[in-house]
Amino acid sequence: ITINSSEQVGIGTSSPDSSLEIYKASTAELMIGSDNGGTAQISLYESNSTTKEATIKYDGLANNLVIGTSGEANALVIPRDSGNVGIGETSPATSIHITSDTPKIRLEHTNDNGYAEIYTTAQSAIVLDADPANTDNGTPIVFKTDGTERMRVLDSGGLTFNGDTTSANALDDYETGTFTATLT
């Protein structure tokens, strides 16, 4: 163990580069434990503050790995036995389970032109919102099965089917015409 003149501690190294550096040629491991059912935790805070700004803990009572912040104690929860991930949810029931008063998933392309969001309302409606900030022109919502486009909601509101993207062929609520039935 080395403590240098900068009060940096090295375990397995004589020249630590940070407050605490642990080095081993194969696997270096830091273990923090607690009694059965207890909590093993690392807390992060800013200087001159007693507020825990972030925590990484294993909750032995609930058997969950929890990453929290001062604003959200259960920001990310991973139960030991299921592998499900909870975002704002302490008991995730599915692979990814988001609980919030405004749960949203944002999908953003690296070109930074725009994004899409998937979310739910207080009435449990699902909303697919293509380009909610209206940064791109003519953004549709496309539905595919087996890699083939089956339906498209055009930015104008019309529907097209089976890969037809022509707005003139779109089904919309402005169609007019007549129909004469012939009975035989």
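Residues numbered from 1 in each chain as written. Predicted model: local features only at pLDDT ≥ 70, side-chain atom pairs only at ≥ 80, totals over all residues. Heavy atoms only, no water.

### With respect to the overall build of the chain
- In terms of regular secondary structure, the chain is built from zero helices and 15 strands.
- Expected size for 184 residues packed as a compact globule is a radius of gyration near 16 Å; at 27 Å, the chain overshoots this value by more than 25%.
- Viewed in the frame of its principal axes, the chain has a C-alpha envelope of about 95 × 35 × 35 Å.
- The buried share of the chain, reckoned over its 184 residues, is 14%.
- Contacts in the chain between residues far apart in sequence, at least 24 positions, make up 1% of those at least 6 positions apart.
- Carbon and sulfur atoms make up 51% of the accessible area of the chain, which amounts to about 13,700 Å² in all.
- Computed over 9 positive and 25 negative side-chain charges, the separation of the two mean positions in the chain equals 6 Å. (Helix = DSSP H or I, 4+ residues; strand = E, 2+ residues; numbered from the N terminus. Rg over C-alpha atoms; globule rule 2.2 N^0.38 Å. Buried < 20%, exposed > 50% of the residue type's maximum accessible area, 1.4 Å probe, protein only. Contact = heavy atoms within 4.5 Å. Areas by Shrake-Rupley, 256 points an atom, 1.4 Å probe, with all protein chains shown as cover. Lys, Arg positive; Asp, Glu negative; His and termini not counted. Charge placed at Lys NZ, Arg CZ, Asp CG, Glu CD.)

### Let's talk about the packing of aromatic side chains
- This structure, assessed with the given rule, holds zero aromatic pairs.
- Across the ring face of Tyr-119, the terminal group of Lys-104 is positioned such that the distance to the ring centre comes to 4.7 Å. (Phe/Tyr/Trp six-rings, centres within 6.5 Å; stacked < 30°, edge-to-face > 60°. Lys NZ or Arg CZ within 6 Å of the ring centre and 35° of its normal.)

### As for the sheet that holds strand S15 (residues 159-161)
- Spatially, three strands are ordered S13-S14-S15 in an open sheet, and the strand pairing comes out antiparallel. The outermost strands of the open sheet, each flanked by one partner alone, are strand S13 (141-145) and S15. On average, adjacent strands in this sheet sit at an angle of 20° to one another, irrespective of strand direction.
- Where S13 meets strand S14 (residues 148-153), five bridges bridge the pair, whose relative direction is antiparallel. Bridge assignment links Ile-141 to a residue of S14, and that residue is Val-153. (Pairing = 2+ DSSP bridges. Axes fitted to C-alpha atoms, helices over the stretch in contact; angles between N-to-C directions.)

### A closer look at the pairing of S14
- In this structure, the hairpin formed by S13 and S14 is closed by a connection of two residues, where Asp-146 is found at a positive phi of approximately 50°.
- Two elements, S14 and S15, share three bridges in a ladder whose sense is antiparallel. When the bridges of S15 are listed, Val-153 appears paired with Leu-159.
- The hairpin formed by S14 and S15 contains five residues between the paired strands, and Gly-157 there has a positive phi angle of roughly 105°.

### A few points about unusual backbone geometry
- The phi angle at Asn-63 is positive, at roughly 55°, despite the residue not being glycine.
- Mapped onto the secondary structure, Asn-63 falls in the loop between strand S5 (54-59) and strand S6 (64-69).
- Residue Asn-63 is classed as partly exposed on the basis of its relative accessible area of 21%.
- A positive phi angle is found at Asp-146, which is not glycine, with a value near 50°.
- Within the secondary structure layout, Asp-146 lies in the loop between S13 and S14.
- We classify Asp-146 as exposed; its relative accessible area is 78%.

### Some points on the side chain of Arg-152
- With respect to the secondary-structure elements, Arg-152 resides in strand S14.
- At a separation of 2.7 Å, a polar atom in the side chain of Arg-152 contacts the side chain of Glu-149.
- What Arg-152 contacts, discounting residues up to four positions off in sequence, is Pro-140, Ile-141, Val-142, Gly-158, Leu-159, Thr-160 and Thr-165. (Polar contact = N/O pair within 3.5 Å; in protein donor to acceptor, adjacent residues only side chain to side chain.)

### Details of a nonpolar patch on the surface
- A surface patch of nonpolar side chains, amounting to about 1,100 Å² of accessible area, comprises Ile-1, Ile-3, Ile-11, Leu-20, Ile-22, Leu-30, Ile-32, Ile-42, Leu-44, Ile-56, Leu-65 and Ile-67.
- When residues of the nonpolar patch are traced back to their parent elements, those giving at least two are strand S3 (20-22), strand S4 (39-44) and S6.
- Residue position: Ile-67 is located in strand S6.
- For Ile-67, a relative accessible area of 35% translates into the label partly exposed. (Patch = residues over 30% accessible without salt bridge, like charges linked within 9 Å, V, L, I, M, F, W, Y side chains within 5 Å. Salt bridge = Lys/Arg side-chain N within 4 Å of Asp/Glu carboxyl O.)

### Description of the pairing of strand S11 (residues 115-120)
- As paired elements, strand S10 (residues 104-108) and S11 share five bridges and run antiparallel to each other. Considered in S11, the bridge of Arg-106 is made with Glu-117.
- Hairpin connection of S10 to S11: six residues between the antiparallel strands, including Asp-112 at a positive phi of 60°.
- Bridge count between S11 and strand S12 (residues 126-130): five bridges; the pairing is antiparallel. Bridging from a neighbouring strand, Tyr-119 pairs with Val-127 of S12.
- If you look at the hairpin formed by S11 and S12, you'll find five residues sitting between the two strands, and Ser-124 has a positive phi there, around 70°.

Everything listed here is a matter of geometry and, on its own, says nothing about what the molecule does.
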